[in-house]
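Structure at a glance
Residues per chain are reported as follows:
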Amino acid sequence: MYIYKYLENIKSGKPINFDSFCKQLRLKEYDDQTILRIFSTQKISRLSYQVSIIDDKLFAQLLADFPKYSIINRVSAARAGDSHKHPVSQAMIILWPSQQSHPVVVLNDVNGIKSPVALGKRLLIIENQENFVQKNESLAFLKHQFSDFNDEGLDIAWGSGNAISNRLNKAFFNHYPHIDCLLDLDIGGLTTFANICELTSHPRISFLLPSCADEQLKSSKMDLQNGHLPTLRKFRENYPLLKPAIELMIHHKKMLEQETYLLD
């Protein structure tokens, strides 16, 4: 609930979750001492309190600090006291376009794609920044690992973790007839792939599993925890394209970050 809604309920005599209200005020640099100077409380149930105003002047300051705004975007949500409950208006993708010597920024929103260059025919998503900036080394690695890998007309997007799976990027993904994903062999990488699949239902998307991954997982220092297994089983059941990667991870009881591919 937004802060101004708590204030409206208090003003009208309606019970509120005072603990949750205080938690939000603390995030806005209101300490407990100040809060208790403004309000007195009577507990009604485990989560419900009847709140009374004991300092009208300080309460008026709260109303001024957190007025009622129409929540239409992230900016107005910030004015109301919580920008994180409203999505951003545009998604940003750093893209290394085909035949370009420098990355560009593509902006996507509900109206479509805003790109400073013509987009290519294929898309490669690279999760980690080091592999992205070492573009030539990453492409050489993929050509060595996959005999049919083709970089003609290939755009390369930096995945920036899971950020690339933003719903506003759907039209961007659907522009490409084919999408390859070079992601970490860990829960984060699998999650990113699953989110893109859910977002697009793309008919030609692949999770790239290099042949060297078997050997590299053996020597990986990233242990697979028992707590990861339920998530892996769920991914294996719902996303068949992830099955080879998941079975390899379970076999070695390891995970792998893709930066190690640059050392191969």
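So, here's what we can say about the structure. (Residues numbered from 1 in each chain as written. Predicted model: local features only at pLDDT ≥ 70, side-chain atom pairs only at ≥ 80, totals over all residues. Heavy atoms only, no water.)

1. Comments concerning the overall build of the protein
As a reminder, the rule being used: Under the scheme used here, helices are H or I runs from DSSP no shorter than 4 residues and strands are E runs no shorter than 2 residues, and both carry numbers assigned from the N terminus. For a compact globule the rule gives 2.2 Å times the number of residues to the power 0.38, and the radius of gyration it is set against comes from C-alpha atoms. Exposure is judged per residue with a 1.4 Å probe applied to protein chains only, and the accessible area is read against the type maximum: over 50% gives exposed, under 20% gives buried, and values in between give partly exposed. Throughout, a residue-residue contact means that at least one pair of heavy atoms, one from each residue, lies within 4.5 Å. Counted as positive: Lys and Arg. Counted as negative: Asp and Glu. His and the chain ends are not counted at all. The atom standing in for a charge is NZ when the residue is Lys, CZ when it is Arg, CG when it is Asp and CD when it is Glu.
What the protein contains, in helices and strands, is 12 helices and 11 strands. For the protein, the C-alpha radius of gyration of 25 Å lies well beyond 18 Å, the compact-globule estimate for 264 residues. By principal-axis analysis of the C-alpha atoms, the protein measures approximately 75 × 45 × 30 Å. Scored against the burial criterion, the 264 residues of the protein give a buried share of 44%. The contacts in the protein between residues at least 6 apart in sequence include a share of 66% that link residues at least 24 apart. Distance between charge centroids for the protein: 8 Å, based on 30 positive and 29 negative side chains.

2. A closer look at the sheet that holds strand 5 (residues 112-114)
Convention followed: In this description, strands pair whenever DSSP reports at least two bridges between them. Working convention: axes come from line fits to C-alpha atoms, limited for helices to the stretch in contact. Angles between N-to-C directions cover 0 to 180 degrees.
Spatial strand order, 5-4-3-7-6-8-9: 7 strands in an open sheet with mixed pairing. Whereas interior strands pair on both sides, the edge strands pair on one side only; in this sheet they are strand 5 and strand 9 (205-207). When strand polarity is set aside, the average angle formed by the axes of neighbouring strands in this sheet is 30°. Relative to the sheet, helix 9 (residues 187-200) contacts strand 6 (122-126), strand 8 (178-182) and strand 9, its axis offset from that of strand 9 by approximately 170°.

3. Quick look at the packing of helix 11 (residues 229-238) against helix 12 (residues 243-252)
The condition that has to hold: Put simply, angles under 35 degrees are roughly parallel, angles over 145 are roughly antiparallel, angles from 65 to 115 are roughly perpendicular, and the rest are oblique. Should the near helix be turned anticlockwise from the far one by less than a right angle, the crossing is termed left-handed; should it be turned clockwise, right-handed.
Close contact between helix 11 and helix 12 brings their axes to 9 Å; oriented N to C, the two are set at 155°. As judged from the angle between their axes, helix 11 and helix 12 are roughly antiparallel. Considering how the two elements wind past one another, helix 11 and helix 12 form a crossing that is left-handed. Counted together, L229, L232, F235 and R236 of helix 11 and K243, I246, E247, M249 and I250 of helix 12 form the full contact between these two elements.

4. Some thoughts on helix 2 (residues 18-27)
Inclusion rule: To obtain the arc, one takes the directions from the helix axis to the C-beta atoms.
All buried positions along helix 2 are accounted for by F18, F21, C22, Q24 and L25. Down the axis of helix 2, the buried set is contained in an arc of 160°. They therefore lie on one face. Those residues of helix 2 that are exposed and aimed more than 90 degrees away from the buried face are K23 and L27. Looking at the buried residues of helix 2, the elements they touch are helix 1 (3-11), helix 3 (32-38), strand 1 (39-43), strand 2 (49-53) and helix 4 (56-65).

5. Looking at helix 7 (residues 135-145)
Three or four residues apart is the spacing at which side chains of an α-helix point the same way, because the helix has 3.6 residues per turn. Among the residues of helix 7, K135, S138, L139, F141, L142 and Q145 are the ones counted as buried. For helix 7, the angular spread of buried residues about the axis comes to 155°, placing them on one side. In this structure, helix 7 carries N136 and H144 as exposed residues pointing more than 90 degrees from its buried face. Check the buried side of helix 7 and you find it contacts strand 3 (91-96), strand 6, helix 6 (129-133), strand 7 (154-158) and strand 8.

6. A look at the layout of surface pockets
Rule in force here: Put plainly, a pocket is an open set of points on a 1 Å grid over the protein atoms alone with protein on both sides within 12 Å along at least five of seven lines, a cavity is a set where a 1.4 Å probe fits but cannot get out, and a lining residue has an atom within 4 Å of a point. Grid points are joined across faces, edges and corners, and a volume is the space filled by probe spheres set on the points.
Here the largest pocket is characterised by a volume of approximately 190 Å³. As for the largest pocket, its lining consists of 13 residues, and the residues nearest its centre are M92, I93, S160, A163 and I164. Looking at which element gives the most residues to the lining of the largest pocket, the answer is strand 3, with 4 residues.

7. Some details on the packing of aromatic side chains
What counts here: Only Phe, Tyr and Trp rings are paired, with Trp represented by its six-membered ring, and only when their centres lie within 6.5 Å; those with planes under 30 degrees apart are stacked, over 60 edge-to-face, the remainder tilted.
What the rule picks out here adds up to 14 aromatic pairs. For the pair F141 and Y261, a centre-to-centre distance of 4.8 Å together with 15° between the ring planes defines the contact as stacked. Pair noted here: F141 is in helix 7 and Y261 is in the segment after strand 11 (254-255), with a separation of 120 residues, a long-range link. Looking at Y261, the relative accessible area reads 4%, which means it is buried.

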